Amino acid sequence: MNAAAATENPATFSSTPDLDLAVRHRYGDAAAFEEIYRQYAPMVYNIAFRMTASEVKAEDYAQEIFLRIHRHLGRFSGRSSLKTWIYRVALNHCRSRLSRKRFFFQPLAEEQDDAAGVQLLDGGRDPEDLAMARDAERQVGRALRELKAVFREAVILRDLEGLTYEEIAEVLKVRIGTVRSRIARGREQLRLILESSP
Amino acid sequence: MSTHATTERLSAYLDRQLSTAETREIEDHLADCALCRRQFAGMRNVVASLRQLERMAPPPTLGGLVTRRVTFENRRKGLVDRFESGLGIFDRQSSILGLFGLIVALAVIMLLFAQAVDRQRTSSISVILHDPTAAREESRELAGRLFHRESGVWVEAGVEAEPEHALAADSQEWRALEEGHPELVELRELADAVILRVEGDVLRREALRAAP
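Residues numbered from 1 in each chain as written. Chains lettered and ligands numbered in written order. Predicted model: local features only at pLDDT ≥ 70, side-chain atom pairs only at ≥ 80, totals over all residues. Heavy atoms only, no water.

Draft legend 1. A look at the overall build of chain B. When helices and strands are counted, chain B shows six helices and six strands. Sequence-ordered secondary structure for chain B, helices as α and strands as β, is α-α-α-α-α-β-β-β-β-α-β-β. Counting only residues that meet the buried cut, chain B has 28% of its 212 residues in that class. Taking the intrachain contacts of chain B between residues at least 6 apart in sequence as the baseline, contacts between residues at least 24 apart amount to 49%. For chain B, the exposed surface amounts to about 14,100 Å²; the carbon and sulfur share of it is 55%. (Helix = DSSP H or I, 4+ residues; strand = E, 2+ residues; numbered from the N terminus. Buried < 20%, exposed > 50% of the residue type's maximum accessible area, 1.4 Å probe, protein only. Contact = heavy atoms within 4.5 Å. Areas by Shrake-Rupley, 256 points an atom, 1.4 Å probe, with all protein chains shown as cover.)

Draft legend 2. Expanded view of unusual backbone geometry. Residues and elements named next belong to chain A. At Ala53, a residue that is not glycine, the phi angle is positive and equals roughly 60 degrees. Inspection of the secondary structure assignment puts Ala53 in the loop between helix H3 (30-52) and helix H4 (55-72). For Ala53, a relative accessible area of 6% translates into the label buried. Here Lys173, not a glycine, exhibits a phi torsion of approximately 60 degrees, which is positive. Mapped onto the elements of the fold, Lys173 is located in the loop between helix H8 (165-172) and helix H9 (176-196).

Draft legend 3. How the structure looks around the packing of helix H7 (residues 149-160) of chain A against H8 of chain A. Residues and elements named next belong to chain A. The geometry of H7 relative to H8 is characterised by a closest axis approach of 10 Å and an angle of 140 degrees between their N-to-C directions. Our classification of the angle between H7 and H8 gives oblique. Our pair here, H7 against H8, has a crossing hand that is right-handed. Residues Glu153, Ala154, Leu157 and Arg158 of H7 touch H8, and the partners they reach there are Tyr165, Ile168, Val171 and Leu172. Classifying every residue of the contact of H7 with H8 by side-chain character gives six nonpolar, no polar and two charged. (Axes fitted to C-alpha atoms, helices over the stretch in contact; angles between N-to-C directions. Parallel < 35°, antiparallel > 145°, perpendicular 65-115°, else oblique. Left-handed = near helix turned anticlockwise from the far one by under 90°. Nonpolar A, V, L, I, M, F, W, Y, C, P; charged D, E, K, R; others polar.)

Draft legend 4. How the structure looks around the pattern of salt bridges. Taken as a whole and judged by the stated rule, the model has 24 salt bridges over all chains. Ionic pairing is found between Arg140 of chain B and Glu189 of chain B, a salt bridge with its closest N-O pair at 2.6 Å. One end of the pair, Arg140 of chain B, is in strand E1 (residues 139-142); the other, Glu189 of chain B, is in the loop between helix H6 (172-180) and strand E5 (193-198), with 49 residues separating them in the sequence. Assessed through its relative accessible area of 28%, Arg140 of chain B is described here as partly exposed. A salt bridge links Arg204 of chain B to Glu206 of chain B, with the shortest nitrogen-to-oxygen separation between them at 3.0 Å. By relative accessible area, which is 27% here, Glu206 of chain B ends up partly exposed. Among the charged side chains, a salt-bridge network with shared partners connects Arg158, Asp159 and Arg187 of chain A together with Asp15 and Arg51 of chain B. (Salt bridge = Lys/Arg side-chain N within 4 Å of Asp/Glu carboxyl O.)

Draft legend 5. Representation of the confidence of the model for chain B in the model. Residues and elements named next belong to chain B. Confidence along chain B averages 82 in pLDDT terms, with 82% of residues attaining 70 or more. For the stretch residues 125-136, pLDDT sits under 50, and the model shows 11 contacts to residues farther than four places along the chain or on other chains. Two summary scores accompany this predicted model of the complex, namely pTM at 0.61 and ipTM at 0.77. (pLDDT = per-residue confidence, 0-100.)

Draft legend 6. Region of interest: the environment of Tyr87 of chain A. All names here are of chain A. With respect to the helices and strands, the residue Tyr87 is situated in helix H5 (residues 82-101). When its relative accessible area of 3% is taken as the criterion, Tyr87 is described as buried. Taking C-alpha positions, Tyr87 is 8.2 Å from Met43, a pair spaced 44 residues apart along the chain. Ignoring anything within four residues of it in the chain, the contact list for Tyr87 reads Met43, Ile47, Leu157, Glu161, Leu163 and Val171.

Below, the structure written as structure tokens:
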């Protein structure tokens with residue numbers, strides 16, 4: 001059954017769980033959106049955090065992203081997966097907010113470290129080891145913030161979110177060759193940044 | 001492979017995105033080329049470090065904030081829907097035209113009213129300069145806007161929200177704003193801090209620093 005028919009008569013609808021959630025939401029089932037929030041809140045928050053390098057902004061952006069999801073979910077047609085659709089909404093929103101606000105803020109790389117972005121589990125490790133690991137993580141986080149947004153997005157989606165190249169192409173609406181190139185350039189820039197830092 | 005491996009190839013190799021033939025080719029090259037081996041090792045370390053970054057847990061307050069915003073949005077939408085259904089005795093087209101006409105008429109009335117208020121306000125501008133014990137109230141019209149001085153800060157008329165950003169008058173960001181909005185240069189006449197709206201955002205330009 002195609003998406004158009006599904007939206008006409010949800011009683012006879014049988015399709016993917018993703019489309020099912022969208023149709024239920026469209027017909028006013030609040031539990032559908034709650035389910036989406038539960039499933040995707042960590043992902044949305046992490047995208048917002050890695051793009052903004054700020055817990056405060058990440059919380060703001062995450063709220064706004066979920067509001068956009070709430071507004072537009074009824075139009076989700078099932079052509080992509082709900083996961084890639086939500087990634088796209090999240091990244092588009094972060095991009096739009098960052099390009100509007102960057103004018104008034106310092107460049108991301110100059111913002112103060114958000115120490116809470118480094119969360120290491122103690123796991124009974126030697127304190128000195130833990131401090132060194134924390135420092136290394138902070139360096140990586142800082143280097144990530146220095147990347148150009150297009151490369152940062154690609155690296156976040158691949159190396160932090162674990163998406164496949166095909167999924168990333170779907171999220172970013174680019175060809176796989178472009179995904180490959182952006183990931184490579186992002187990683188190479190990170191390597192150069194980290195190798196040149198003390 | 002007679003030249004060095006490209007960054008893109010190394011990255012794709014790391015992700016097992018190459019064909020069997022390409023993989024063999026690059027592995028043969030890495031066996032012979034120390035430079036590419038070093039670059040590849042560096043890239044592999046970067047990816048390993050990224051994958052070790054802990055995932056952040058969303059703050060416990062996020063769910064409640066989202067619920068609140070969604071509830072507000074639903075209420076607002078409900079009001080719009082009720083309004084639209086209240087117009088149901090008319091056909092949709094005439095109700096839309098009628099609504100549009102009403103909005104235009106209201107806008108014209110508000111504009112005329114605002115102009116009348118503005119004329120009255122500017123005609124009663126008072127500038128008190130030499131009585132420090134009296135309540136100071138000043139108004140200035142600059143950059144196409146009206147500013148009132150309140151507690152040592154110039155505030156653009158109609159701006160009530162707290163400023164979202166504060167910029168030093170000699171900062172790069174403020175200078176760039178002046179380039180984009182040349183009329184803002186007139187605000188250099190105001191030595192004290194200025195709160196105004198630019199491109200929809202409420203900003204505070206800090207006081208001009210006195211020359212040493």
